Amino acid sequence: MSNIPADLRFAKSHEWAKLEADGTVLVGISDYAQESLGDITYVQLPAVGDTLAAGAVFGVVESVKAASDLYAPVGGEVVAVNDTLDAAPETLNQDPYANGWIMRLTPSDAGALDQLLDPAGYQAEIG
Amino acid sequence: MSELRRTPLNAFHREHGGRMVDFAGWEMPVQYQSILVEHRAVRTSAGLFDVSHMGEVDVTGPDAAAWLNHLITNDISRLYPGRVLYSPMCAPDGGVVDDLLVYQRAPDDFFLCINAGNIAADLAWMRTQAEGYDVSIQDRSDDYALLALQGPVAERILQPLTGAKLGVLRYYHFQEGTVAGVQCLISRTGYTGEDGFELYHAAADAPALADALLEVGAPHDLQLAGLGARDSLRLEAGYPLHGHEISAEISPIAAGLGWTVKLDKPDGFTGAEALATEKADPTRQRVVFFRTGDRRIVRAGAEVRDAAGAVVGRVLSGTLSPLLNEAIGSALVPATAAAAGGLQVDVRGTVFALQLVKPPFVDLKKSS
């Protein structure tokens, strides 16, 4: 049974987005996604300063099984990336919603989060 | 798509959290907790694998030995009762039909272990090769289950469960005995590069045997291990997998298995002429093993280029070595390109130089 925190929004492609008090958005992958991928061995991060459109590929998460593209759940400018994942990609398996965050965006439209799935909608999506 | 086949341990795997996948038409656990954790356990303590999908064949009769020596590339005159031999089995063009283990139980009584995905094709091939020989070839695959206990503490786990004297059972030898009351063919073999045992036994006994091994193994940090770890362990050890490093297109000579091809066998064998021709050809294809210095996995099918950027070959297997923490793999390239060096691959836009390695990739401590 996957863990789906109540305060997050989700893309159908299994990224989560969290609107922070300072107006930035944290992005990672869901517990369901890490579970499906299995042992994560490599995370290709975007560069700080990159401008991403909603739905754009911003990186790759790779497991023993496969490499999967990461899609920006909302558009914006990358203001930070979690470079601890370079040395410890397994953090995505162990703690996908906190220490396993991938990037922080300044959203071009904060209202875009409303177009993502809420926890109930994501639960329905993954069945 | 037809129904997946199940081993007698299917319920056992589910109870222990096995993630079940389709492997060669069988529903098998690819992992329980983590491929990386299971892999490391086999290198440091022990792992228990269900490999009951593998096929078993009885070969008996007055011509059993002569027929086997015609069928396979290795030489069974090296065998004696209690000894195990690894060998490819080739087509006339030198391509590999399958690779197998040959167990000699008595002078005219042999037992073969073959790959799960090839059972039907192997048996059909064996029968076409049997004309003129007084030999009985019997498929026993449904009768046997097979558990592999692998790792440096395997003997310590197994010994309390059996009266067989494991201390004198050498690598690539076997004996009959009971383990936890279950009649087994106890084989000191494996596909991980570690010391260990493969236990062939009646399918109905598999759940009881697996439970007994798991219970005795728990204080020794025995982990259940799935096919994911089995694949990364065999690649780290440099062992071929049929369909990857050996296949209908890749001969044992190309695969670096020349030591299993006995061209001087007095009565010859199927594929001997083609393999002799290939061996003498300096421009032949060659399987090489490589590491990249990076964690990004170079996957099977990736193009291999030479220093000038021309495509010269392809990757056959690729994974992350959990011990090296680095991508490792195998590739098929012309021997001339391997000798010239400068081989490279592109992983999603990043080019990596292949550092060619003579396997195993890590120090192994097999018993001898």
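Caption draft 1: Just the overall build of chain A, in detail. Across its full length, chain A holds four helices and nine strands. Along chain A, from the amino end to the carboxyl end, the secondary structure elements read β-β-β-α-β-β-β-β-β-α-α-β-α. Here the C-alpha radius of gyration of chain A, 13 Å, is about what a compact globule of 127 residues would show, namely 14 Å. Seen along its three principal axes, the alpha-carbon backbone of chain A occupies a region of about 35 × 35 × 25 Å. Buried residues in chain A amount to 40% of all 127 residues. The contacts in chain A between residues at least 6 apart in sequence include a share of 63% that link residues at least 24 apart.

Caption draft 2: Structural context of the overall build of chain B. Helix and strand counts for chain B come out as nine helices and 21 strands. Its C-alpha radius of gyration of 21 Å places chain B within 12% of the 21 Å reference for a compact globule of 368 residues. Reported as C-alpha extents along the three principal axes, the dimensions of chain B are approximately 60 × 50 × 45 Å. Within the span of chain B, comprising 368 residues, buried residues form 46% of the whole. Partitioning the intrachain contacts of chain B with sequence separation of at least 6 by distance along the chain shows that 67% fall at a separation of at least 24.

Caption draft 3: Summary view of the domain arrangement of chain B. Considered domain by domain, chain B is made up of domain 1 (5-51 + 143-236), domain 2 (55-136) and domain 3 (282-362). Here domain 2 of chain B and domain 3 of chain B have C-alpha centroids that lie 33 Å from each other.

Caption draft 4: Up close: the interface of chain A and chain B. Counting residues at the interface gives seven residues for chain A, matched by eleven residues for chain B. If you list the elements that add at least two residues to the side of chain A that touches chain B, you get β4 (40-44) and β6 (57-63) of chain A. When grouped by side-chain class, the residues that make up the side of chain A that touches chain B number three nonpolar, two polar and two charged.

Caption draft 5: Representation of the packing of helix α2 (residues 35-44) of chain B against helix α7 (residues 227-237) of chain B within the structure. Residues and elements named next belong to chain B. The geometry of α2 relative to α7 is characterised by a closest axis approach of 8 Å and an angle of 55° between their N-to-C directions. The angle between α2 and α7 falls in the class oblique. The element α2 and its partner α7 pack so that their crossing is right-handed. For the pair α2 and α7, contact is made by Ile35, Glu38, His39 and Val42 and by Gly228, Ala229, Ser232 and Leu233, respectively. Classifying every residue of the contact of α2 with α7 by side-chain character gives four nonpolar, three polar and one charged.

Caption draft 6: View of the sheet that holds strand β1 (residues 9-10) of chain A. Residues and elements named next belong to chain A. Taken together, six strands build an open sheet; the order of strands is β1-β2-β3-β9-β8-β5 and the sheet is antiparallel. In this open sheet, the two strands that pair with only one neighbour each are β1 and β5 (51-52). As paired strands, strand β8 (residues 76-81) and strand β9 (residues 103-107) are joined by five bridges and run antiparallel to one another. Each bridged residue has a counterpart across the sheet, and for Val81 the counterpart in β9 is Met103.

Caption draft 7: Main features of the environment of Leu100(B). All names here are of chain B. Along the chain, Leu100 turns up in strand β7 (residues 96-106). For the pair Leu100 and Gly313, spaced 213 residues apart in sequence, the C-alpha to C-alpha distance is 27 Å. Residues contacting Leu100, with those up to four places away along its chain left out, are Ser87, Met89, Leu112, Cys113 and Ile114.

Caption draft 8: How the structure looks around the environment of Leu224(B). Residue and element names in this part refer to chain B. For Leu224, the position within the fold is in strand β14 (residues 222-224). In the structure, Leu224 is positioned 75 residues away from Leu149 in sequence and 9.4 Å away in space, judged by C-alpha atoms. Not counting residues up to four positions away in its chain, the partners in contact with Leu224 are His16, Tyr32 and Leu48.

Caption draft 9: The arrangement of the pairing of strand β3 (residues 25-29) of chain A in detail. All names here are of chain A. Most of β3 is tucked away, with four of its five residues classed as buried. Of the strand pairs in this sheet, strand β2 (residues 15-19) and β3 are connected by five bridges, and their pairing is antiparallel. The residue bridging Ala17 from the neighbouring strand is Val27, located in β3. Adjacent in sequence and paired antiparallel, β2 and β3 are bridged by five residues, among which Gly23 carries a positive phi angle near 90°.

Caption draft 10: Representation of the sheet that holds strand β5 (residues 55-60) of chain B. All names here are of chain B. Spatial ordering of the open sheet is given by β6-β7-β8-β5-β9, a layout of five strands whose pairing is antiparallel. Each end of this open sheet is capped by a strand with a single partner; those strands are β6 (84-90) and β9 (136-139). Across this sheet, the average inter-strand angle for adjacent strands is 25°, counted without regard to direction. When β5 meets β9, the two strands line up antiparallel, connected through four bridges. Looking across to β9, one finds that Val59 is bridged to Ile137.

How each quantity is defined
Residues numbered from 1 in each chain as written. Chains lettered and ligands numbered in written order. Predicted model: local features only at pLDDT ≥ 70, side-chain atom pairs only at ≥ 80, totals over all residues. Helix = DSSP H or I, 4+ residues; strand = E, 2+ residues; numbered from the N terminus. Rg over C-alpha atoms; globule rule 2.2 N^0.38 Å. Buried ≥ 20, exposed ≤ 12 C-beta atoms within 10 Å, placed from the backbone. Contact = placed C-beta atoms within 7 Å. Domains from an automatic or database assignment. Nonpolar A, V, L, I, M, F, W, Y, C, P; charged D, E, K, R; others polar. Axes fitted to C-alpha atoms, helices over the stretch in contact; angles between N-to-C directions. Parallel < 35°, antiparallel > 145°, perpendicular 65-115°, else oblique. Left-handed = near helix turned anticlockwise from the far one by under 90°. Pairing = 2+ DSSP bridges.

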